[in-house]
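Examination of the molecular architecture
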Amino acid sequence: MAIVTETYTLNTGAKIHKIGFGTWQIPNGEAHDPVRIALNVGYRHIDTARVYGNEANVGKAIKESRIAREDIFLTTKLPADVKDASKVEETFEKSISTLGVDYVDLYLIHAPWPWQERGADYTKENIEVWQEMEKIYESGRAKAIGVSNFDVDDLKAILSHGKIVPAANQIRWFIGSTQPEVTKFSKENGILVEAYSPLATGRILDHPDIKQIADKYHKTVAQISIRYCLQHDTLPLPKSTHEEYIIQNADVDFEINEEDMARLDLLESD
Ligand code: A2P
C-alpha cells in the first residue's frame, strides 16, 4: 500500500499524503475505531471538521496510535456558518483543543456560505475571515490554510484580496461529477483539489459501466473511483467504517489506461 505514503506538494512546500481518510458522517463515539484502523493500516492523512463533531475521537485515535505528530497530516475546518471574522480565532482554538494537538496541517473554510443559505453571497465576510485564517497560518498553528466548496468566483475574491493563496480547495469530486471549471481554475492557481465523497457517498458503487472497467482490472468500483481521482491529480478522501474497505481503498497501486480514463471521463453518475 505504498500509495498512502506518496505525497503531493502544497504551495507552501509542505508534503500532503495522496490519500486522506475522510471522516464525514462518522459521529463522535464511532470515529475512534475507523481512524485507529486507518492509521494502523498505513494512512497518514486524516480529514475532519469541527462540524462533523468527531474531533475528540480523531484526536484520541491519533494520540493512541503513538505515531509521531509530524508524520501525520491532519486537516480540520472552520464551520461554514462562522462568517464573523472576530469568531475565527476562538473557533480554531476550540478545534485544536478538542483534537488535543498544538497545530493542524491544514485549516479550511468549510464553505463559502452557511449550509442553510447555500449560494448566498458572503464574499465580503469570506475575505475578512480569510485574513484571520492568514493570522493563524502566520502563528504556525495551521501549517497551511485553504477552502472547501469554493467556486471560481469565491476563489477569485480570496486571490485578489488575500496575501496568501489557499493551499487547497476541497470539493465534491467523483467519476461523473468532476467540477471541471473550478478544478481547472484551482490547479492553474497552484491550489490542490481535494476530492471529498470520491465514491459519491457510496452511490456509484454499483454503477454498471464502472463495474465493467473494475472487473477488467480485477479491482473494485471503489478502487477504480479512488484511482481515477489520483490520475486526475486530485486528492481523494474516501470514508469507511469497515476495516476491509479501509484497507481496500488504500490498495490502489495500479494504473487505469488512457482509453479507460477517457471512458470514465464521459460517464454521468450524479
Ligand atoms: P461504510 O462507511 O459503511 O464502510 P465516500 O467516501 O464517497 O463518502 O463514500 C463513503 C461510503 O462508501 C460509505 O457508505 C462507505 O461505507 C462506503 N464505502 C467506502 N469504501 C467502500 C468500499 N471499498 N466498498 C464498498 N463500500 C465502501
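Residues numbered from 1 in each chain as written. Predicted model: local features only at pLDDT ≥ 70, side-chain atom pairs only at ≥ 80, totals over all residues. Heavy atoms only, no water.

**Side note on the overall build of the protein chain**
- Per the secondary structure count, the protein chain includes 10 helices and 10 strands.
- A compact globule built from 270 residues should have a C-alpha radius of gyration of about 18 Å, and the protein chain, at 18 Å, falls within 12% of that.
- The principal-axis extents of the C-alpha atoms in the protein chain amount to approximately 55 × 40 × 35 Å.
- The burial tally for the protein chain puts 56% of its 270 residues in the buried class.
- Pairs at least 24 apart in sequence give 73% of the contacts found in the protein chain among residues at least 6 apart.
- With the model as given, the accessible surface of the protein chain reaches about 11,800 Å², and the carbon-plus-sulfur share is 47%.
- On the protein chain, the mean spot of the 30 positive side-chain charges and the mean spot of the 43 negative ones are 3 Å from each other. (Helix = DSSP H or I, 4+ residues; strand = E, 2+ residues; numbered from the N terminus. Rg over C-alpha atoms; globule rule 2.2 N^0.38 Å. Buried < 20%, exposed > 50% of the residue type's maximum accessible area, 1.4 Å probe, protein only. Contact = heavy atoms within 4.5 Å. Areas by Shrake-Rupley, 256 points an atom, 1.4 Å probe, with all protein chains shown as cover. Lys, Arg positive; Asp, Glu negative; His and termini not counted. Charge placed at Lys NZ, Arg CZ, Asp CG, Glu CD.)

**Some thoughts on the site of the ligand**
- Around the ligand, the surrounding shell holds 16 residues, and the nearest of these are Leu-199, Thr-201, Ser-240, His-242 and Gln-248.
- Within the side chain of His-242, one N or O atom sits 2.7 Å away from an oxygen atom of the ligand.
- Burial of the ligand by the surrounding chains reaches 83%, relative to a free accessible area of 570 Å².
- The cavity that encloses the ligand is the largest pocket. (Near = heavy atom within 4 Å. Polar contact = N/O pair within 3.5 Å; in protein donor to acceptor, adjacent residues only side chain to side chain. 1 Å grid on protein atoms, 1.4 Å probe; cavity = no way out; pocket = protein on both sides within 12 Å on 5 of 7 lines; lining within 4 Å. Sits in = over half its atoms within 2 Å of the grid points.)

**Focus: the packing of helix α3 (residues 88-99) against helix α4 (residues 123-139)**
- Across the interface, α3 lies against α4 with an axial gap of 9 Å and an inter-helix angle of 50 degrees. Comparing their axes, α4 and α3 come out oblique. Read as a crossing pair, α3 and α4 show a hand that is right-handed. Taken together, the residues of α4 that come into contact with α3 (itself represented by Val-88, Glu-89 and Phe-92) are Val-129, Glu-132, Met-133 and Ile-136.
- Looking at the contact of α3 with α4 residue by residue, the class counts come to five nonpolar, no polar and two charged. (Axes fitted to C-alpha atoms, helices over the stretch in contact; angles between N-to-C directions. Parallel < 35°, antiparallel > 145°, perpendicular 65-115°, else oblique. Left-handed = near helix turned anticlockwise from the far one by under 90°. Nonpolar A, V, L, I, M, F, W, Y, C, P; charged D, E, K, R; others polar.)

**Some thoughts on helix α8 (residues 221-231)**
- By the criterion of burial, α8 is predominantly enclosed, with 10 of the 11 residues buried.
- If you check which residues of α8 are buried, you get Val-221, Ala-222, Gln-223, Ile-224, Ser-225, Ile-226, Arg-227, Tyr-228, Cys-229 and Leu-230.
- Residues of α8 that are buried in the fold lie against β1 (7-9), β9 (192-196), α7 (208-217), β10 (235-236), α9 (243-250) and α10 (258-266).
- Note on α8: the residue one or two positions beyond its end, Asp-233, has a positive phi of about 60 degrees.

**A few points about the nonpolar core**
- Counting 83 residues, the largest nonpolar core has Tyr-43, Val-104, Tyr-107, Met-133, Ile-224 and Leu-264 as its most contacted members.
- Here the element with the most residues in this core is α8; it accounts for seven residues.
- Each residue touching Ile-224, except ones within four places of it in the same chain, is listed here: Ile-175, Ile-210, Ile-213, Ala-214, Tyr-217, Lys-219, Phe-254, Ile-256 and Leu-264. (Core = buried A, V, L, I, M, F, W, Y, C linked by side-chain atoms within 4.5 Å.)

**Focus: the sheet that holds β10**
- One open sheet holds the eight strands; their spatial order is β3-β4-β5-β6-β7-β8-β9-β10, and the pairing between them is parallel. Because the sheet does not close on itself, it has two edges, and the strands there are β3 (21-22) and β10.
- On the sheet, helix α6 (residues 180-188) packs against β8 (168-172) and β9 and is oriented at approximately 165 degrees with respect to β8. (Pairing = 2+ DSSP bridges.)

**Section: the pairing of strand β7 (residues 145-148)**
- Of the two faces of β7, the one carrying Ile-145 and Val-147 and the one carrying Gly-146 and Ser-148 are both buried.
- The pairing of strand β6 (residues 106-109) with β7 spans three bridges and is parallel. Among the inter-strand pairings, Tyr-107 is bridged to a residue of β7, identified as Ile-145.
- Remark: the β6/α4/β7 crossover connection has right-handed handedness.
- Here β7 pairs with β8 via two bridges, running parallel. Bridging across to β8, Val-147 finds its partner in Asn-169.
- Following the chain from β7 across helix α5 (residues 152-161) to the adjacent parallel β8, one finds a crossover that is right-handed. (Right-handed = clockwise from strand over helix to strand, strands pointing away.)

**Side note on the pattern of salt bridges**
- This structure, assessed with the given rule, holds 17 salt bridges.
- Between Arg-36 and Asp-33 there is a salt bridge whose closest N-O contact spans 3.3 Å. One end of the pair, Arg-36, and the other, Asp-33, are both in helix α1 (residues 32-41), three residues apart, so they sit about a helical turn from each other.
- The exposure class of Asp-33 is partly exposed, given its relative accessible area of 40%.
- Put simply, Glu-89 and Arg-141 hold a salt bridge, and the shortest N to O gap is 2.9 Å. Of the two residues, Glu-89 is situated in helix α3 and Arg-141 in the loop between α4 and β7; the sequence distance between them amounts to 52 residues.
- Of the residues examined, Glu-89 reaches a relative accessible area of 31% and is grouped as partly exposed.
- A residue is classified by how much of its surface remains accessible, and Arg-141, at 19% relative accessible area, is buried.
- Sharing partners across several salt bridges, the network here consists of Glu-89, Glu-93 and Arg-141. (Salt bridge = Lys/Arg side-chain N within 4 Å of Asp/Glu carboxyl O.)

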